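This is what each chain is made of:
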Amino acid sequence: LVSRDFHPDNTIVDVAGVKIGEGERPVVVGGPCAVESEEQILKTARFVKQCGADLLRGGAFKPRTGPHTFQGLREEGLKLLAKARTATGLPIVTEVMSPDNVALVAEYADLLQVGARNMQNFDLLRELGRIRKPILLKRGMSATIEEFLAAAEYILAEGNDQVILCERGIRTFETATRNTLDLAMVPLVKELTHLPVMVDPSHATGKRSLVTPMSKAALVAGAHGVLVEVHPEPEKALSDGPQSLTFPGFEALMADLKKLRNCL
Ligand code: PEP
Ligand code: MN
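For the protein chain, the name recorded in an unreviewed UniProt entry is Phospho-2-dehydro-3-deoxyheptonate aldolase, with Trichlorobacter lovleyi as its organism.

The structure is reproduced here in structure tokens:
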């Protein structure tokens, strides 16, 4: 079902009116790693909207490496995202970690994210195949492209064909960046599948200074959009501060991408 051989036409995913896929203007998803407070998410939402972002991101359920760190505001976080959507009109993207929470997250989110750590949570994928909301499926940090596409197949097999693939870097021997951004997967996956492909340069690099250059590289490689973390005070962020853009950094990124989009 994911293969281009059986489905030559490109799939365009419609996220509350924002169209993502081949032939559409590449989109920018901006927002904090996690929703931390009403002030933080509203401030960020208004700022990214003003800069021209297409969607707002923010985690309410956070898949943290250890159990003693901030795990997200859960349903309260979803409610704050809904407030931010009302305030700005931006559709919202947020992660769902367990099959039990699919119905709850789907009540609030316009695009449901499957995190890298859950790419092969097959019960979750099946459950997401049964809803009628678009899914952003992130590549597992140790997943081959074949495994990534097979994971997407689980969602399509249940009847939901609104799936966006997202490269977020993979584990390699290199430790200078948080992950290794596999940009070649973008044109390769576009040859193999009709699904839209996005890139997350924030988790891929782990370093704020690399986010803008790799966002530009992603669009040049043919990505249908980028997913970027931005925080009003990255040094105080409860997660992923070092890779989060500051407001001026995000504004500069958007200015660069606007210029680039005119040349693509
Ligand atoms: C995220 O987008 O906040 C996230 C946790 O990403 P990943 O699953 O790619 O690590
Ligand atoms: Mn993050």
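There is more to say after this.
What follows concerns the nonpolar core. Within the largest apolar cluster, 78 residues are counted, with the highest numbers of intra-cluster contacts made by Leu55, Leu137, Ala152, Ile164, Leu165 and Val228. If you tally residues by element for this core, the top one is helix H5 (residues 145-157), at six residues. When near neighbours in sequence (up to four residues on either side) are disregarded, Ala152 contacts Val2, Leu137, Val163, Leu165 and Leu195.

Around ligand 1, the neighbouring residues are Cys33, Gly59, Pro63, Gly115, Ala116, Arg117, Lys138, Arg168, Asp200 and His203. Residues belonging to the shell around ligand 1 are distributed by class as follows: three nonpolar, three polar and four charged.

It is worth spelling out unusual backbone geometry at this point. In this structure, Arg74 takes a positive phi of about 55° despite not being glycine. Assignment of secondary structure puts Arg74 in the loop between strand S4 (55-57) and helix H2 (75-88).

Our focus in this paragraph is helix H9 (residues 247-263). With 17 residues, H9 should cover 24 Å at 1.5 Å per step; its first-to-last C-alpha distance of 25 Å lies within 8% of that length. Phe250, Leu253, Met254 and Leu257 are the residues of H9 that are buried. Along H9, the residues classed as buried sweep out an arc of 100° about the axis, all on the same side. What points out from H9, more than 90 degrees from its buried face, is the exposed set Pro248, Lys258, Lys259, Asn262 and Cys263. Summarising the contacts, the buried residues of H9 are in contact with strand S3 (27-31), helix H1 (38-51), helix H8 (208-221) and strand S10 (225-229).

Parameters at a glance
Residues numbered from 1 in each chain as written. Chains lettered and ligands numbered in written order. Predicted model: local features only at pLDDT ≥ 70, side-chain atom pairs only at ≥ 80, totals over all residues. Core = buried A, V, L, I, M, F, W, Y, C linked by C-beta atoms within 7 Å. Buried ≥ 20, exposed ≤ 12 C-beta atoms within 10 Å, placed from the backbone. Helix = DSSP H or I, 4+ residues; strand = E, 2+ residues; numbered from the N terminus. Contact = placed C-beta atoms within 7 Å. Near = placed C-beta within 6 Å. Nonpolar A, V, L, I, M, F, W, Y, C, P; charged D, E, K, R; others polar. Expected span 1.5 Å × (residues − 1). Arc of directions from axis to C-beta.

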